[in-house]
Amino acid sequence: MAVSETQVRSALVTYFPMLIAVMSLLTSVYNGYLNNRFVEIIQRNLGRAEYMRSCKEIIDAYFQVKFRADLLSEAAAGSDAAARLPAQQVEARNAVNKLAALGTYLANMRDEATRARYTELSRTLERIVQEAPRTPPDQLQKQFEAADRLFGAVNDDCVRQAMTTM
């Protein structure tokens, strides 16, 4: 039984558009899958970028606290301490509050032990800033030793987070 040319044309005219439609449907399904994956990647990267921005800010805030506590200590040791002390105390406390706020934000994304460490850092810095006007400059660095260790742990958390999401 021979297949005529008209039967082949008839089959091609019938089945070729169906083949194109099936291929178009498969392409559309695959494109939807790729779009979903792309949205997931963007959401993950946005979360990572926000976390890293907060890590940057908490590092900046930590060093602002150290700097302002040092100023408080030096101002208290100088002759014009009464004139400069109140404004500097406010600035130092503001720096501690900024660090505590950022630390709290970062800690909310972590486990209970990490949250406790971040809280302890904030409380230690608050105590140092309150004692800074009565602390000689050479003794201030000794008070920062515990805070430096706690801050090192915060910084390590930021580094670990950056490395796991790369």
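Residues numbered from 1 in each chain as written. Predicted model: local features only at pLDDT ≥ 70, side-chain atom pairs only at ≥ 80, totals over all residues. Heavy atoms only, no water.

### Quick look at the nonpolar core
Note on soluble globular proteins: their nonpolar side chains tend to be buried together.
Move 1: One finds Y62, L121, L125 and F144 to be the most contacted residues of the largest nonpolar core, which totals 28 residues.
Move 2: Here the element with the most residues in this core is helix α1 (residues 5-77); it accounts for 8 residues.
Move 3: Ignoring any residue separated from it by four or fewer positions in sequence, one finds Y62 in contact with L99, L121, L125, F144, A147, D148 and F151. (Core = buried A, V, L, I, M, F, W, Y, C linked by side-chain atoms within 4.5 Å. Buried < 20%, exposed > 50% of the residue type's maximum accessible area, 1.4 Å probe, protein only. Helix = DSSP H or I, 4+ residues; strand = E, 2+ residues; numbered from the N terminus. Contact = heavy atoms within 4.5 Å.)

### Quick word on the environment of A107
Move 1: Turning to its location among the elements, A107 is positioned in helix α2 (residues 81-107).
Move 2: Owing to a relative accessible area of 3%, A107 belongs among the buried residues under this scheme.
Move 3: Spatially, the C-alpha atom of A107 lies 8.6 Å from that of T119, the residues being 12 residues apart in sequence.
Move 4: Beyond its immediate chain neighbours, meaning those up to four positions away, A107 contacts R115 and Y118.

### A short note on the packing of helix α3 (residues 112-131) against helix α4 (residues 137-164)
Move 1: In contact at an axis separation of 10 Å, α3 and α4 are set at 155° when each is read in the N-to-C sense. Here α3 lies roughly antiparallel to α4, going by the angle between them. Remark: the crossing between α3 and α4 carries left-handed chirality. Taking contact as the criterion, the partners of T114, R117, Y118, E120, L121, T124, L125, I128 and E131 in α3 are, on α4, L140, Q143, F144, A147, L150, F151, A153, V154 and D157.
Move 2: Here the residues of the contact of α3 with α4 are counted per class, giving 11 nonpolar, 3 polar and 4 charged. (Axes fitted to C-alpha atoms, helices over the stretch in contact; angles between N-to-C directions. Parallel < 35°, antiparallel > 145°, perpendicular 65-115°, else oblique. Left-handed = near helix turned anticlockwise from the far one by under 90°. Nonpolar A, V, L, I, M, F, W, Y, C, P; charged D, E, K, R; others polar.)

### Some thoughts on the packing of α1 against α4
Move 1: As a packed pair, α1 and α4 sit with axes 11 Å apart at the nearest point and diverge in direction by 175°. When the axes of α1 and α4 are compared, the pair comes out roughly antiparallel.
Move 2: In terms of residue class, the contact of α1 with α4 is made up of 17 nonpolar, 4 polar and 6 charged.

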